[in-house]
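This is what each chain is made of:
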Amino acid sequence: MKLLTANRLTDGLVLWYAGGPDLSGWTEDAALATRLEDEAAAALLEDWKARETEVVAPYLVPLLDENTLVKREYVREHVRANGPTAGQTAFDTARQHQRGEVF
Amino acid sequence: MYQYDQFDHAMVAARNAEFKDQVERRLKGELSEDQFKPLRLMNGLYLQLHAYMLRIAVPYGVLSSRQMRTFAHIARTYDRDFGHFTTRQNIQFNWIKLADTPQILEDLAAVEMHAIQTSGNCIRNTTTDQFAGAARDEIDDPRPWAELIRQWSTFHPEFTFLPRKFKIAITGATRDRAAIRVHDIGLQLTDKGFDVYVGGGMGRTPHLGHLIRSGLPGEKLLSYLEAALRVYNRYGRRDNIYKARIKILVSALGPQEYARQVEEEWATLDQAQIDAPHAEIARIKSFFPQPAYADKAFDAAALDRAKAADAGFARWVRNNTLAHRRDDHVSVTISLKPTGLPPGDASSAQMDVMADAADRFAYGELRVSHEQNVILPHVAKADLYDLYRLLDQNGLSSANVGKITDMIACPGLDYCSLANARSIPLAQDISQRFADAELTDKIGDLQIKISGCINACGHHHVGHIGILGVDKQGEEFYQILLGGRADEQAALGVITGKGLSAEAVPAALERLIKLYLDLRTDETERFIDTVGRLGRDAFAGALHEPA
Ligand code: HEM
Ligand code: SF4
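Since the structure is predicted, the reported quantities are computational estimates derived from the model, not experimental observations.

1. Comments concerning the overall build of chain B
Link 1 in the chain: The helix and strand inventory of chain B stands at 19 helices and 20 strands.
Link 2 in the chain: Its C-alpha atoms give chain B a radius of gyration of 23 Å, near enough to 24 Å, the size a compact globule of 547 residues would have.
Link 3 in the chain: Each principal axis of the C-alpha atoms in chain B carries an extent, and together these give about 60 × 60 × 55 Å.
Link 4 in the chain: Expressed as a percentage of the 547 residues in chain B, the buried residues total 62%.

Right, here's the structure in full:
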């Protein structure tokens, strides 16, 4: 299983693909990201690579069977999903979405 | 400080207009990301882990209160209310919107600043001693020379696409506070001119620079640099990014052969065409006068009374002030390393306070240091207590300059897309662990420097204790280096012992420090001296739990 992630062109913020044909089908909340089968994920990645006025730098994040990140990707994607772990970042994504950490 | 002439203004305005157009075309899809990326990087705009990051140059670290207020304005208006001061005398904003960038660059241009030269394989912002023009041990002021290099290098057509980025640092004092030996070119001003060191650098393969010329007259600086850069531009390895820095060329050729080629190249140059005429050097120098020092009656007894009544103030004066060329003034370092917060961050409110402090107590002038602190270079001793109280009310009075908690840490995996491990949370943990003021003072001078990957933005190679984050199958690990230093006796640290988990590092440092306190001859022997005397191996065991 995989997640598709990218940055929004206009503000650079991290987005997660949550299904749907256009940019409104992406979410800033990683908890809502769609779990994609590997083949579907690869095809979507190709689609979105071409849609550069919407998102930039899209890539796939591999998941283990239990829907958690594989260890190799863990810290980086955890930080991308939850916002910086360092202080003075009261704005981190997790808190914006009024919930605990994703993953 | 230097003020733009009409050429500077026109060049920055033209560049900003050009970039504004590029951003608009990118947003409309007329430019692809591949086409746009090099253009945005040439204007300091990166795409990082969470968002766009804008890196703004503070030329040789010199900043007016007005410029500092503009940083506060940018933090407040376009970012998440804070900015991050870096080891290259830059500031980085981490949450910038692409569409806002042209306006930000315009705001910056209004106070004579920009983000050009902060990325790409060009000559980057020349860095220098944060106490330039103020320190008592200064031989000559490096700022006019750094400004001369800025003017020569910013749009130098021949050096815009070097094999790799290029960093120059200058010190004009006997104590090297600019880490010149770990720069591509390090310049030491002496009373006979410049000593030129070439081929230093950190990153994957750290090197110390080699002295290739002594006593170079200032009037000849630019043509000599031009020759040095030309040899590098011609022979630097463009085929392999890891071997592209000048340090690799210099060590492959040998410093003597490199120096010979530079001299040969220099002899062929039309030096008079390149070197600034005497009048221009004099003009630039005239922008760096001493401030109109206030002759405030200074009552030493009153200062002593204030210190006696306020232990925090006494400690701050002891640790955060440096002797000034005038007896009635000092230079003050505002530590951006409060316990438990990310090193080098300042909120917009704090930036405004620092700007106000500069206007009220320091002739409107500030500096950024490569240790990620902010400096007020000239403060009348009579004003020290008022200044301290203002800073203290705003969380800016940490009295730990040069101490174990005055750490350098790169952004690491919390922000940087190149990182393998986090740096800031580790710095926060260490800072909590050594929060006790009495203990840190007892430990004395000690520099910890942390990088989240081999690129060494956090200067880990030259930390007395260096910490390098690495990735081991998806887990963060930290290698500890001992014995590095970035001063006039520059040395590279060596990895000591095996990597540690993040949780294990603070306790390991505690054991290391305890051993040092046991082993030092007396309290004047600094950690780095004890390591030098006994060797790193004497400390390796302490980094690991006793079995
Ligand atoms: C978060 C964005 C950053 C990125 C993408 C970045 C990128 C890099 C890269 C690629 C290198 C390696 C260059 C080489 O191979 O020689 C490097 C080195 C360096 N960076 Fe950064 N950096 C970032 C932030 C910083 C910060 C915040 C600082 C200061 C705190 C900094 C200061 C340095 C320094 C001093 C080096 C030294 C190595 C040398 O050239 O000898 N960088 N950086
Ligand atoms: S040392 Fe590595 S992790 Fe840290 S800022 Fe530099 S490139 Fe990023």
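2. Describing the interface of chain A and chain B
Link 1 in the chain: Taken together, the contact pairs 27 residues of chain A with 37 residues of chain B.
Link 2 in the chain: Across the chain A-chain B interface, the total number found is zero salt bridges.
Link 3 in the chain: For the side of chain A that touches chain B, the elements supplying multiple residues, two or more each, are strand 1 (2–8), strand 4 (55–62) and helix 2 (74–82) of chain A.
Link 4 in the chain: Among the elements that make up the side of chain A that touches chain B, the one with the highest residue count is helix 2 of chain A (four residues).
Link 5 in the chain: Across the side of chain A that touches chain B, the residue classes break down as 10 nonpolar, 10 polar and seven charged.

3. Some details on the pairing of strand 12 (residues 329–334) of chain B
Residue and element names in this part refer to chain B.
Link 1 in the chain: Of all six residues making up strand 12, six are buried, and the element is well covered by its neighbours.
Link 2 in the chain: Alternating residues of strand 12 divide into His329, Ser331 and Thr333 and Val330, Val332 and Ile334, and every residue in both groups is buried.
Link 3 in the chain: Relative to strand 12, strand 11 (residues 321–323) runs antiparallel, the two sharing three bridges. In the strand pairing of strand 12, Ala323 is matched with Val330.
Link 4 in the chain: As consecutive antiparallel partners, strand 11 and strand 12 are separated by five residues.
Link 5 in the chain: In this structure, strand 12 lies alongside strand 15 (residues 374–380), joined through five bridges in antiparallel fashion. By the bridge assignment for strand 15, Thr333 is matched with Ile375.

4. So, the pattern of salt bridges
Residues and elements named next belong to chain B.
Link 1 in the chain: Following the criterion strictly, the structure yields 50 salt bridges over all chains and no others.
Link 2 in the chain: One salt bridge connects Asp327 with Arg136, and the closest N-O pair in it is separated by 2.8 Å. Here the residue Asp327 occupies a position in the loop between strand 11 and strand 12, and Arg136 occupies one in the loop between strand 6 (127–128) and helix 5 (143–153), the gap between them amounting to 191 residues.
Link 3 in the chain: What makes Arg136 partly exposed here is its relative accessible area of 46%.
Link 4 in the chain: Salt bridges here are not isolated pairs; linked through shared partners, they connect Asp141, Arg143, Glu365 and Arg367.

5. Some points on the site of ligand 1
Residues and elements named next belong to chain B.
Link 1 in the chain: Around ligand 1, the structure places 22 residues, and the nearest of them are Thr87, Lys167, Met202, Arg245 and Cys457.
Link 2 in the chain: Within the contact set of ligand 1, an oxygen atom lies 2.8 Å away from a side-chain nitrogen or oxygen of Lys167.
Link 3 in the chain: Met202 is positioned such that a nitrogen or oxygen atom in its backbone is 2.7 Å from an oxygen atom of ligand 1.
Link 4 in the chain: Counted by class, the shell around ligand 1 contains seven nonpolar, nine polar and six charged residues.
Link 5 in the chain: Shared between two domains, the shell around ligand 1 takes at least three residues from each, and those domains are domain 1 (134–287) and domain 2 (408–543).

6. What about the domain arrangement of chain B?
All names here are of chain B.
Link 1 in the chain: Considered domain by domain, chain B is made up of domain 1 (134–287) and domain 2 (408–543).
Link 2 in the chain: Residue-level contacts link 12 residues of domain 1 with 12 residues of domain 2.
Link 3 in the chain: Taking both partners together, domain 1 and domain 2 bury about 1100 Å²; carbon and sulfur atoms supply 69% of that area.
Link 4 in the chain: On the surface where domain 1 and domain 2 come into contact, there are zero salt bridges.

7. Details of a nonpolar patch on the surface
Link 1 in the chain: The grouping of Phe7(B), Met11(B) and Phe155(B) at the surface amounts to a nonpolar patch, some 300 Å² of accessible area in total.
Link 2 in the chain: Note on Phe7(B): relative accessible area 54%, which makes it exposed.

8. Observations regarding the UniProt feature "domain: Nitrite/sulphite reductase 4Fe-4S" (unreviewed entry) in chain B
Link 1 in the chain: Following the UniProt record, the feature "domain: Nitrite/sulphite reductase 4Fe-4S" (unreviewed entry) maps to residues 119–267 and 405–544 of chain B here.
Link 2 in the chain: Split by type, residues 405–544 of chain B is 32% helix and 17% strand. Its first and last C-alpha atoms lie 21 Å apart.

9. Quick notes on the sheet that holds strand 13 (residues 345–347) of chain B
All names here are of chain B.
Link 1 in the chain: Across the sheet, five strands lie side by side as 1-2-5-4-13; this open sheet has antiparallel pairing. Since the sheet does not close on itself, it has two edges, and those belong to strand 1 (45–47) and strand 13, each with one partner. When the angles between neighbouring strand axes are averaged without regard to direction, this sheet yields 30°.
Link 2 in the chain: In this structure, strand 4 (residues 82–85) lies alongside strand 13, joined through three bridges in antiparallel fashion. Residue pairing in the sheet places Gly83 in a bridge with Ala346 of strand 13.
Link 3 in the chain: Along the sheet face, helix 3 (residues 65–78) touches strand 2 (52–57), strand 4 and strand 5 (90–96) and points at about 15° away from the line of strand 5.

10. Quick word on the confidence of the model for chain B
Link 1 in the chain: With 100% of its residues at a pLDDT of at least 70, chain B reaches an overall mean of 95.
Link 2 in the chain: Predicted complex, confidence summary: ipTM 0.88, pTM 0.93.

11. Some words on the environment of Gly25(A)
All names here are of chain A.
Link 1 in the chain: Positionally, Gly25 belongs in the loop between strand 2 (14–17) and strand 3 (26–27).
Link 2 in the chain: For Gly25, a relative accessible area of 8% puts it in the buried group.
Link 3 in the chain: Residues Gly25 and Val79, spaced 54 residues apart in sequence, show a C-alpha to C-alpha distance of 22 Å.
Link 4 in the chain: Non-local contacts of Gly25, meaning those with residues more than four positions away in its chain, are made with Trp16, Tyr17, Ala18, Gly19 and Gly20.

12. Focus: the nonpolar core
Residue and element names in this part refer to chain B.
Link 1 in the chain: If you look at the biggest cluster of nonpolar residues, it comprises 60 residues, and the most contacted ones within it are Met68, Phe71, Trp316, Met351, Met354 and Leu376.
Link 2 in the chain: Counting residues per element, this core draws most heavily on helix 13 (residues 348–361), which supplies seven residues.
Link 3 in the chain: With residues up to four places along the chain from it excluded, the contact list for Phe71 reads Ile56, Val58, Leu63, Phe85, Ile91, Phe93, Leu108, Met113 and Met351.
Link 4 in the chain: One finds Leu216, Ala227, Ala228 and Leu229 within the second-largest nonpolar core, a separate group that totals 45 residues.

13. Topic: the packing of helix 15 (residues 424–433) of chain B against helix 17 (residues 504–519) of chain B
All names here are of chain B.
Link 1 in the chain: Contact geometry for helix 15 and helix 17: axes closest at 9 Å, N-to-C directions at 45°. Regarding the angle of helix 15 to helix 17, the classification is oblique. Helix-helix and strand crossings are classified by hand; for helix 15 and helix 17 the assignment is right-handed. Residues Leu426, Asp429, Ile430 and Arg433 of helix 15 form the contact with helix 17, whose own contacting residues are Val505, Pro506, Ala507, Leu509 and Glu510.
Link 2 in the chain: In terms of residue class, the contact of helix 15 with helix 17 is made up of six nonpolar, no polar and three charged.

14. A word on the environment of Pro102(B)
Residue and element names in this part refer to chain B.
Link 1 in the chain: Mapped onto the elements, Pro102 comes out in helix 4 (residues 101–110).
Link 2 in the chain: Taking relative accessible area as the criterion, Pro102 reaches 9% and is therefore assigned buried.
Link 3 in the chain: Separated by 86 residues in sequence, Pro102 and Asn16 have C-alpha atoms that sit 6.7 Å apart.
Link 4 in the chain: If we skip the residues at most four places from it in the chain, Pro102 touches Lys20 and Val23.

The rules we used
- Residues numbered from 1 in each chain as written.
- Chains lettered and ligands numbered in written order.
- Predicted model: local features only at pLDDT ≥ 70, side-chain atom pairs only at ≥ 80, totals over all residues.
- Heavy atoms only, no water.
- Helix = DSSP H or I, 4+ residues; strand = E, 2+ residues; numbered from the N terminus.
- Rg over C-alpha atoms; globule rule 2.2 N^0.38 Å.
- Buried < 20%, exposed > 50% of the residue type's maximum accessible area, 1.4 Å probe, protein only.
- Contact = heavy atoms within 4.5 Å.
- Salt bridge = Lys/Arg side-chain N within 4 Å of Asp/Glu carboxyl O.
- Nonpolar A, V, L, I, M, F, W, Y, C, P; charged D, E, K, R; others polar.
- Pairing = 2+ DSSP bridges.
- Near = heavy atom within 4 Å.
- Polar contact = N/O pair within 3.5 Å; in protein donor to acceptor, adjacent residues only side chain to side chain.
- Domains from an automatic or database assignment.
- Buried area = accessible area lost by both parts, 1.4 Å probe.
- Patch = residues over 30% accessible without salt bridge, like charges linked within 9 Å, V, L, I, M, F, W, Y side chains within 5 Å.
- Areas by Shrake-Rupley, 256 points an atom, 1.4 Å probe, with all protein chains shown as cover.
- UniProt positions renumbered as here; feature names shortened; annotations may be inferred.
- Axes fitted to C-alpha atoms, helices over the stretch in contact; angles between N-to-C directions.
- pLDDT = per-residue confidence, 0-100.
- Core = buried A, V, L, I, M, F, W, Y, C linked by side-chain atoms within 4.5 Å.
- Parallel < 35°, antiparallel > 145°, perpendicular 65-115°, else oblique.
- Left-handed = near helix turned anticlockwise from the far one by under 90°.

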